[in-house]
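Single-letter residue listing:
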Amino acid sequence: MASKLVAILLVTIFLAHDAYATSRGLGLNRSNSKKVEFGFSAELQHVDADKDLTQFERLERAIERGSRRAKRIEEIIQSSTSSGSEVVAPLSPGEGEYTMSLAIGTPAQTYSAIMDTGSDLIWTQCQPCTQCFNQTTPIFDPTQSSSFSILSCSSQFCLDLQQETCSNNQCQYTYGYGDGSNTQGYMGSETFTFGSASQPNIAFGCGTQNQGFGAGPAGLVGMGGGPLSMPSQLGASQFSYYLPSMNDASQSSTLGFGSAANGTATGSTITTPLVQNPSVPTFYYFAPTGISVDGNQLSIPSNAFTLNSDGSGGMIIDSGTTLFYLEQNVYSIVRQAFVNSTNLTPVSAPSSGLDLCFQLPSDSSNLQLPSLVLNFANGNLELPTSNYFVLASQQVICLAMGSQSGMSIFGNIAQGNILVFYNTAASTLSFTPNF
């Protein structure tokens, strides 16, 4: 069976950010002093939404960032499996794709920061800043906030850093990213405000030396599974999001936390176990049981997406990786299935990062493309066509998928038009289509 190319020429592409943060192997249900479920919602917007770019330029930039990120994730996983222990180097995969609005301090100062499900550390640039990048808002000045305090070297959050240093009993941090950028500074505690909801005593990095980052957002909000992340610090057992399109500069979406982690969607919900890798506890994993293309179940081993005991394999869901990357053997099978079932002429990719592309006919009004379905033990998740085919030029569409060594990554394009709901208390991940 085939799904119609619903507005492929309008292509709704969904992206997401990159950064791998550190923790000490504590589980998704790590105890936290903030026992009360804290609820709030925040607006999400793509990082390139306010830039004067064509949709093709946005796509190219996102794929380039996502490709670097996917490679870095692969290196992180390989390093953890070869060492047989938790990753020691405080490195993140790299740039980000979505920003959220929040306020810091008392009185509150408003900032835009990258939202990243692939990292843990929360940080922003701080005065006095010896090396800072340009941001759209004034740099945070902790001396102007009555609720700010510096964390001591004995604080639990300082000990949760993979590599901490101490100076005059002040906790220092250094955090590097796979693209060569890095942030250094000291760890502080502060009140964070989201809309009208405020939460005191959030541990975050006050960056005084930051290099390699593009202008715009002031810092990053880690949403990973480690103890320094925003969900862990808030004691929020659930969060959800729809990812906004990078092609519509005016489009935004909502990140929901705790009691605000809900939304309306029209499709049936698929719920699957949310798995944590003890070697790299930041990342969120899930495991489809198979894949169907054009109504045909593919001959893929049932354990192809299972996380192995040594930390290898599995499928990560990541807001910062752009494409849907499949383990290379699985990708070869899926790619061939699309070649066999797509009644279009294959052509070379017009930009790097895309592998399988097709020439569109002059009249695409009745064009049909093969369906793509992720199979689970309790049901199937059919993806909208725009989640796995992208318009790469005026007359060329490409499969928004790629190959990865030893593991798979469910990137942000594939998550588009879907309410993604993380329940860390129940260790479940839910998908509710909204198309």
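Residues numbered from 1 in each chain as written. Predicted model: local features only at pLDDT ≥ 70, side-chain atom pairs only at ≥ 80, totals over all residues. Heavy atoms only, no water.

## Comments concerning empty space enclosed by the protein
As enumerated under the stated definition, the model contains one cavity of 30 Å³ or more in all. There is about 60 Å³ of room inside the largest cavity. Around the largest cavity, the lining is made up of 14 residues, and of these Leu102, Ile104, Ala113, Trp123 and Thr124 lie nearest the centre. When residues of the lining of the largest cavity are traced back to their parent elements, those giving at least two are strand 4 (98–104), strand 5 (109–116), strand 6 (123–125) and strand 12 (219–222). Along the lines of polarity and charge, the residues of the lining of the largest cavity split into eleven nonpolar, three polar and no charged. (1 Å grid on protein atoms, 1.4 Å probe; cavity = no way out; pocket = protein on both sides within 12 Å on 5 of 7 lines; lining within 4 Å. Points joined across faces, edges and corners; volume = space filled by probe spheres on them. Helix = DSSP H or I, 4+ residues; strand = E, 2+ residues; numbered from the N terminus. Nonpolar A, V, L, I, M, F, W, Y, C, P; charged D, E, K, R; others polar.)

## Considerations on the packing of aromatic side chains
Applying the stated criterion to the full structure yields 24 aromatic pairs. With 6.2 Å between their ring centres and 70° between their planes, Phe140 and Phe204 make a pair best called edge-to-face. Here Phe204 lies in strand 11 (residues 197–211) and Phe140 lies in the loop between strand 6 and strand 7 (149–150), a separation of 64 residues in the sequence. You can call Phe204 buried: its relative accessible area is 1%. (Phe/Tyr/Trp six-rings, centres within 6.5 Å; stacked < 30°, edge-to-face > 60°. Buried < 20%, exposed > 50% of the residue type's maximum accessible area, 1.4 Å probe, protein only.)

## Concerning the nonpolar core
Ile291, Ile317, Leu326, Val334, Phe338, Phe410 and Phe431 are the most contacted members of the largest nonpolar core, which totals 76 residues. Of the residues forming this core, the biggest block, five residues, is contributed by helix 4 (residues 328–341). Setting aside chain neighbours within four positions, we find Ile317 in contact with Thr117, Tyr241, Tyr284, Phe286, Phe410, Gln415, Val420, Tyr422, Leu429 and Phe431. Counting 22 residues, the second largest nonpolar core, distinct from the first, contains Ala70, Val280, Tyr285 and Met407. (Core = buried A, V, L, I, M, F, W, Y, C linked by side-chain atoms within 4.5 Å. Contact = heavy atoms within 4.5 Å.)

## A short note on the sheet that holds strand 19 (residues 296–297)
Read from one edge to the other, the open sheet built from four strands follows the order 19-18-25-26, with strand pairing classed as antiparallel. With partners counted over all chains shown, the strands left at the sheet margins are strand 19 and strand 26 (379–383), one partner each. Sheet strands touched by helix 4: strand 18 (290–293) and strand 25 (372–376). Its angle to strand 18, the strand with the most contacts, is close to 15°. (Pairing = 2+ DSSP bridges. Axes fitted to C-alpha atoms, helices over the stretch in contact; angles between N-to-C directions.)

## Some remarks on the sheet that holds strand 22 (residues 345–347)
In space, the four strands of this open sheet follow the order 22-23-28-27, with antiparallel pairing throughout. A single partner strand is all that each edge strand has here, and the edge strands are strand 22 and strand 27 (389–393). Recorded for the sheet is a direction-independent mean angle of 40° between the axes of neighbouring strands.

## Here we look at the state of the cysteines
Inspection of every chain in the model, using the stated rule, returns five disulfides. Between the sulfur of Cys158 and that of Cys171 lies a disulfide, 2.1 Å long from S to S. Disulfide Cys158-Cys171: the torsion about the S-S bond is 90°, which places it as right-handed. Of the two residues, Cys158 sits in helix 2 (residues 156–160) while Cys171 sits in strand 9 (residues 170–177), which places them 13 residues apart along the sequence. Overall, Cys171 belongs to the buried group, its relative accessible area being 0%. Residue Cys357 pairs covalently with Cys398 via a disulfide, S to S 2.0 Å. Its S-S torsion of approximately 100° makes the covalent link between Cys357 and Cys398 right-handed. With a gap of 41 residues between them, Cys357 in strand 23 (residues 357–359) and Cys398 in strand 28 (residues 396–399) connect regions that are remote in the sequence. The pair formed by Cys357 and Cys398 is uniform in burial state, with each residue classed as buried. Cysteine pairing for the chain (bonded cysteines numbered in sequence order): 1-8, 2-3, 4-6, 5-7, 9-10. (Disulfide = S-S within 2.5 Å.)

## Looking at the layout of surface pockets
In this model, the second largest pocket occupies a volume close to 320 Å³. Lining of the second largest pocket is provided by 17 residues; of these, Gln45, Asp50, Thr99, Ser112 and Pro217 occupy positions nearest its centre. Taken together, the elements giving at least two residues each to the lining of the second largest pocket come down to strand 2 (40–46), strand 4 and strand 5. In terms of residue class, the lining of the second largest pocket is built from five nonpolar, nine polar and three charged.

## Topic: the pattern of salt bridges
Applying the stated rule across the entire model yields nine salt bridges. Glu75 serves as the salt-bridge partner of Arg72, at 2.9 Å between the closest nitrogen and oxygen. Taken together, the positions of Arg72 and Glu75, both in helix 1 (residues 55–83) and three residues apart, correspond to about one turn of that helix. Taking the relative accessible area as the measure of exposure, Arg72 reaches 16% and is therefore buried. Glu75 sits in the partly exposed class, given a relative accessible area of 34%. (Salt bridge = Lys/Arg side-chain N within 4 Å of Asp/Glu carboxyl O.)

## A word on the side chain of Ser119
Relative to the helices and strands, Ser119 is located in the loop between strand 5 and strand 6. Among the polar contacts made by the side chain of Ser119, one reaches the side chain of Asp116 at a distance of 2.8 Å. (Polar contact = N/O pair within 3.5 Å; in protein donor to acceptor, adjacent residues only side chain to side chain.)

## Some points on the environment of Thr254
On the secondary structure map, Thr254 appears in strand 14 (residues 253–257). Remark: the alpha-carbon pair of Thr254 and Ser240, spanning 14 residues in sequence, is separated by 8.3 Å. The contacts of Thr254, once residues within four sequence positions are left out, are Ser41, Ala42, Leu44, Ser240, Tyr241 and Tyr242.

## Looking at unusual backbone geometry
Peptide bonds are, in most cases, trans, and in most cases residues other than glycine have a negative phi. Note the cis peptide between Thr106 and Pro107, where omega equals 0°. Following Gln127, the chain continues to Pro128 via a peptide bond in cis, the omega torsion being -5°. Here Pro128 lies in the loop between strand 6 and strand 7. Backbone geometry places Asn168, a non-glycine residue, at a positive phi of 55°. Judged by its relative accessible area of 73%, Asn168 is exposed. Of note in the backbone geometry, Asn169 takes a positive phi value of approximately 60° without being a glycine. For Asn169, the location among the structural elements is in the loop between strand 8 (164–167) and strand 9. Judged by relative accessible area, Asn169 falls into the partly exposed class, the value being 47%.

Limitation: the analysis is restricted to geometry and does not speak to function.
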